[in-house]
Amino acid sequence: MEVENIKIINGINDKNKNDIVKWTNEKGKDFLEQWAGENADFPLTVSQIDNMSNVYSIFCENEFVGIIQKIRKELDNIHIGRFLINPELTGRGLGKRALLEFINLIFQDENINSVTLNVFDYNAGAKKLYEKIGFKVVNIVENPRKKYTMIMKKSENREKK
């Protein structure tokens, strides 16, 4: 699969919601918590996805490959999360391209100067990806699991398309 052609579209259709439910429930409760946080219930249902606002669909060559969410806006920062790539397609650079595309989309808003996200310490692959594209750890909370809050500032977002 060619990774260059990534499209991020606001919203998610019913077929793609069902894909997310299937991917997640096949992988199990820990996988759900990894991408959706501690507030999602296993097994995942379409109605839980319906309750998520500001969800964006990720497409590669017109194939639905995942989602990402703008969780909240705080002054000049957007906090993102619920980033999920189809588990069968990970390890191919899709997540990196999708994340860079989404961040570039966010930074098109001149009032936004930073993007933050949280990642659990056991999600080492995700944390490594975030660091690779320029996120830096700004806070660590242990409650009960270690969770990192990471930030990327617009001025440090050097990797453009």
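Here the structure is a predicted model, which is why all the values come from computation and not from measurement.

What counts, and at which threshold
Along each chain, numbering runs from 1 in the same order as the chain's sequence is written. The predicted origin of the model limits local features to residues at a pLDDT of at least 70 and limits the giving and counting of side-chain atom pairs to 80 or more, whereas totals for whole chains, interfaces and linings rest on all residues. Note: side-chain values were computed over all heavy atoms of the structure, leaving out hydrogens and water. Secondary structure elements follow DSSP: runs of H or I of four or more residues count as helices, runs of E of two or more count as strands, with numbering from the N terminus. The size measure is the radius of gyration over C-alpha atoms, and the globule rule it meets is 2.2 Å times the number of residues to the 0.38 power. For the exposure calls, accessible area comes from a 1.4 Å probe over protein chains only, and a residue counts as buried if that area is under 20% of its type's maximum, exposed if over 50%, partly exposed in between. It only takes one pair of heavy atoms within 4.5 Å for two residues to be counted as in contact. Computed with a 1.4 Å probe, the accessible areas rest on the Shrake-Rupley method; for each residue, only the protein chains presented here act as cover. When DSSP finds two or more bridges between a pair of strands, those strands are recorded as paired. What makes a nonpolar core is a set of buried Ala, Val, Leu, Ile, Met, Phe, Trp, Tyr and Cys residues whose side-chain atoms join them at distances within 4.5 Å. Only one rule defines a salt bridge in this text: a Lys or Arg side-chain nitrogen within 4 Å of an Asp or Glu carboxyl oxygen. Confidence of the predictor at the level of single residues is given by pLDDT, which spans 0 to 100.

K.L.:
Any details on the overall build of the chain? Residues and values, ideally.
P.N.:
The secondary structure content of the chain amounts to five helices and seven strands. Radius of gyration (C-alpha) of the chain: 15 Å, near the 15 Å computed for a compact globule of 161 residues. Dimensions along the principal axes, computed over C-alpha positions, put the chain at roughly 40 × 40 × 30 Å. When each of the 161 residues of the chain is scored for burial, the buried share is 48%. Across the chain, every contact between residues at least 6 apart in sequence was considered, and the portion connecting residues at least 24 apart equals 61%. If you sum the accessible surface of the chain, you get close to 8800 Å²; carbon and sulfur atoms cover 44% of it.

K.L.:
Can you lay out the pairing of strand 6 (residues 136-142) for me, pointing to particular residues and giving the numbers?
P.N.:
Strand direction decides the pairing type here: strand 6 and strand 7 (residues 146-153), joined by six bridges, are antiparallel. Bridging from a neighbouring strand, I140 pairs with Y148 of strand 7. The hairpin turn running from strand 6 into strand 7, its antiparallel successor, is three residues long.

K.L.:
Please set out the side chain of K17 residue by residue, giving values where relevant.
P.N.:
Looking at the secondary structure, you find K17 in helix 1 (residues 14-27). The contacts of K17, once residues within four sequence positions are left out, are I12, V46, I49 and D50.

K.L.:
Quick one: what's the story with the nonpolar core, residue by residue and with numbers?
P.N.:
Among the nonpolar cores identified, the biggest contains 32 residues, and I58, I80, F83, L99, Y130 and F135 are the most heavily contacted of them. Put simply, the parts of the chain that give this core at least two residues each are strand 1 (6-10), strand 2 (55-60), strand 3 (63-74), strand 4 (77-85), helix 4 (94-107), strand 5 (114-120), helix 5 (124-132) and strand 7. The element best represented in this core is helix 4, accounting for eight residues.

K.L.:
Can you tell me about the pattern of salt bridges, naming the residues and giving the values?
P.N.:
Here the structure, examined in full by the defined rule, presents seven salt bridges. Across the pair R145 and E33 runs a salt bridge whose closest N-O atoms are separated by 2.1 Å. Of this pair, R145 sits in the loop between strand 6 and strand 7 while E33 sits in helix 2 (residues 29-36), placing them 112 residues apart in sequence. Between K127 and E131 there is a salt bridge, and its shortest N-O distance comes to 2.7 Å.

K.L.:
Can you explain the confidence of the model for the chain? Please cite residues and give values.
P.N.:
The predicted model of the chain averages 93 in pLDDT, with 94% of residues at 70 or higher. At the level of individual helices and strands, the chain shows its lowest average pLDDT in helix 2, which scores 93, and its highest in helix 1, which scores 98.

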